[in-house]
Amino acid sequence: MRIENSFIPVRGVGERTERNLWRAGSTHWDEFDASLVGAKTGDRIETFIADAAAHLDDGNSRFFDDCFPSGERWRLYENFRDETCFFDIETTGLSPERDSVTTVSFYQDGETTTLVNGEDLTTDALREQFADAKLIATFNGARFDVPFLETSFDVSIDVPHVDLMYPCRTLDLTGGLKQIEKDVGIDRDRPDISGRDAVRLWREYERGDQSSLDTLVSYNREDAVNLERLMETVTGRLHDRACEGLDTELA
């Protein structure tokens, strides 16, 4: 599913109208036939296509973040996959006011970076990691990772965001990240560690055990990398669900 397949951002166009357009052959902006809808709706769609095409050419993901319904922002991924920053944080607890971020791992365009508290985890380093991202992806990051970083480092993460926990729920995939990975067939090379284990490993590192930090970083990095695999699975399933019953392929 690409942004150019989508008509649902237009006022007055819901899932049913969009599917009817696809069914009639208007599966891409270039193929839109205004005669398939009412005059006012047709005008709105044509105006949207003209505006949106310019923003897409400019790589302006924020435009589409604003105009897509929140439950459909997963459709941005195919267009901005190479500029999607997957990230995950580890902390000493659940409160950004009382606890600290220990490590943050980022995965973008095949490259993984981990920032460590007391070494290179700084406000400037975080800003640099997000600077080139057109889309960020997390699991439960809207409620946890993003506000935790913003509070702890006085940084604003103003990038369109797909929190995979919510499209997973749409697909009846519930539970934590590790459980959902198992449910969709994403394997890990090692046993899971809990949040409590992550805190323990950090405390051991603070007492001088470098191997504990190495273990913590390894798990944190795997979390970030696996988010891409989950995104691929989730967007694929949502695409199939949106197109279920159609006789035509999206262009």
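Residues numbered from 1 in each chain as written. Predicted model: local features only at pLDDT ≥ 70, side-chain atom pairs only at ≥ 80, totals over all residues. Heavy atoms only, no water.

In the annotation of an unreviewed UniProt entry, the entry for the chain reads Exonuclease, and the organism field reads Haloferax marisrubri.

1. Points about the overall build of the chain
To be explicit about the condition: Strands here are runs of E lasting at least two residues and helices are runs of H or I lasting at least four, both read from the DSSP assignment and numbered beginning at the N terminus. Here the term buried applies to any residue with accessible area under 20% of the maximum for its type, exposed to any over 50%, and partly exposed to those in between, with areas from a 1.4 Å probe on protein chains only. It only takes one pair of heavy atoms within 4.5 Å for two residues to be counted as in contact. Note on areas: these come from Shrake-Rupley sampling with a 1.4 Å probe, and a residue is covered only by the protein chains present in the view. For the purpose of charge, His is not counted, nor are the chain termini; Lys and Arg are scored as positive and Asp and Glu as negative. In plain terms, the charge of a residue is placed at NZ if it is Lys, CZ if Arg, CG if Asp and CD if Glu.
Secondary structure assignment for the chain yields ten helices and five strands. A buried classification covers 49% of the 251 residues belonging to the chain. Contacts in the chain between residues far apart in sequence, at least 24 positions, make up 63% of those at least 6 positions apart. About 12,400 Å² of surface is accessible on the chain, with carbon and sulfur atoms providing 41% of the total. Positive and negative side-chain charges in the chain, numbering 28 and 52 respectively, have mean positions lying 6 Å apart.

2. Some remarks on the pattern of salt bridges
We apply this condition: A pair is scored as a salt bridge if a Lys or Arg side-chain nitrogen falls within 4 Å of a carboxyl oxygen belonging to Asp or Glu.
By the definition in use, this model includes 16 salt bridges. With a closest N to O distance of 2.9 Å, arginine 75 and glutamate 18 form a salt bridge. One end of the pair, arginine 75, is in the loop between α3 (61–67) and α4 (77–80); the other, glutamate 18, is in helix α1 (residues 15–23), and 57 residues separate them in sequence. Accessibility assignment for this pair places arginine 75 and glutamate 18 in one class, buried. Measuring nitrogen to oxygen at the nearest pair gives 2.5 Å for the salt bridge that ties arginine 188 to aspartate 223. A residue pair is termed long-range when its members are at least 10 positions apart, and arginine 188 in the loop between α8 (177–184) and α9 (195–206) and aspartate 223 in helix α10 (residues 210–242) qualify at 35 residues. With respect to burial, arginine 188 and aspartate 223 carry one shared label: buried. Because the salt bridges share partners, they merge into one network encompassing Lys178, Glu181, Arg188, Glu222 and Asp223.

3. Notes on the environment of leucine 115
Within the secondary structure, leucine 115 sits in strand β3 (residues 111–116). For leucine 115, a relative accessible area of 5% puts it in the buried group. Sequence spacing of leucine 115 and threonine 103 is twelve residues, and the spatial spacing of their C-alpha atoms is 5.6 Å. The residues contacting leucine 115, other than those within four sequence positions of it, are Thr102, Thr103, Val104, Phe106, Asp120, Leu121, Ala125, Leu126 and Gln129.

4. Regarding the pairing of strand β2 (residues 101–108)
In regular strands, side chains alternate between the two faces of the sheet. Put simply, the test is: Paired strands, in this sense, are two strands between which DSSP finds at least two bridges.
Within β2, eight of the eight residues are buried, leaving the element largely enclosed by the surrounding structure. Alignment of strand β1 (residues 84–91) against β2, held across six bridges, turns out to be antiparallel. Paired with threonine 91 across the strands is valine 101, a residue of β2. Summarising the sheet, β2 and β3 pair through six bridges and their orientation is antiparallel. Each bridged residue has a counterpart across the sheet, and for threonine 103 the counterpart in β3 is valine 116. Hairpin remark: β2 followed by β3, antiparallel, with two residues in the connecting loop; positive phi at aspartate 109, about 50°.

5. A word on the domain arrangement of the chain
To be explicit about the condition: Annotation comment: domain bounds sourced from an automatic or database domain assignment.
What the domain assignment lists for the chain is domain 1 (3–58) and domain 2 (79–235). The gap between the C-alpha centroids of domain 1 and domain 2 is 36 Å.

6. Some remarks on the nonpolar core
Rules: Among buried residues, those of type Ala, Val, Leu, Ile, Met, Phe, Trp, Tyr and Cys that are joined through side-chain atoms within 4.5 Å constitute a nonpolar core.
Of all hydrophobic cores here, the largest spans 47 residues; its most connected members are Phe7, Trp29, Ile45, Phe139 and Leu230. Listed by contribution, the elements that provide at least two residues to this core are α1, α2 (39–57), α4, β4 (135–138), α7 (165–170), α8 and α10. The element that contributes the greatest number of residues to this core is α10, accounting for seven residues. A domain-level breakdown of this core finds at least three residues from each of domain 1 (3–58) and domain 2 (79–235). Once you skip the residues sitting within four places of it in the chain, phenylalanine 7 turns out to touch Val13, Glu18, Leu21, Trp22, Ser26, His28, Trp29, Phe32, Ile45 and Ile49.

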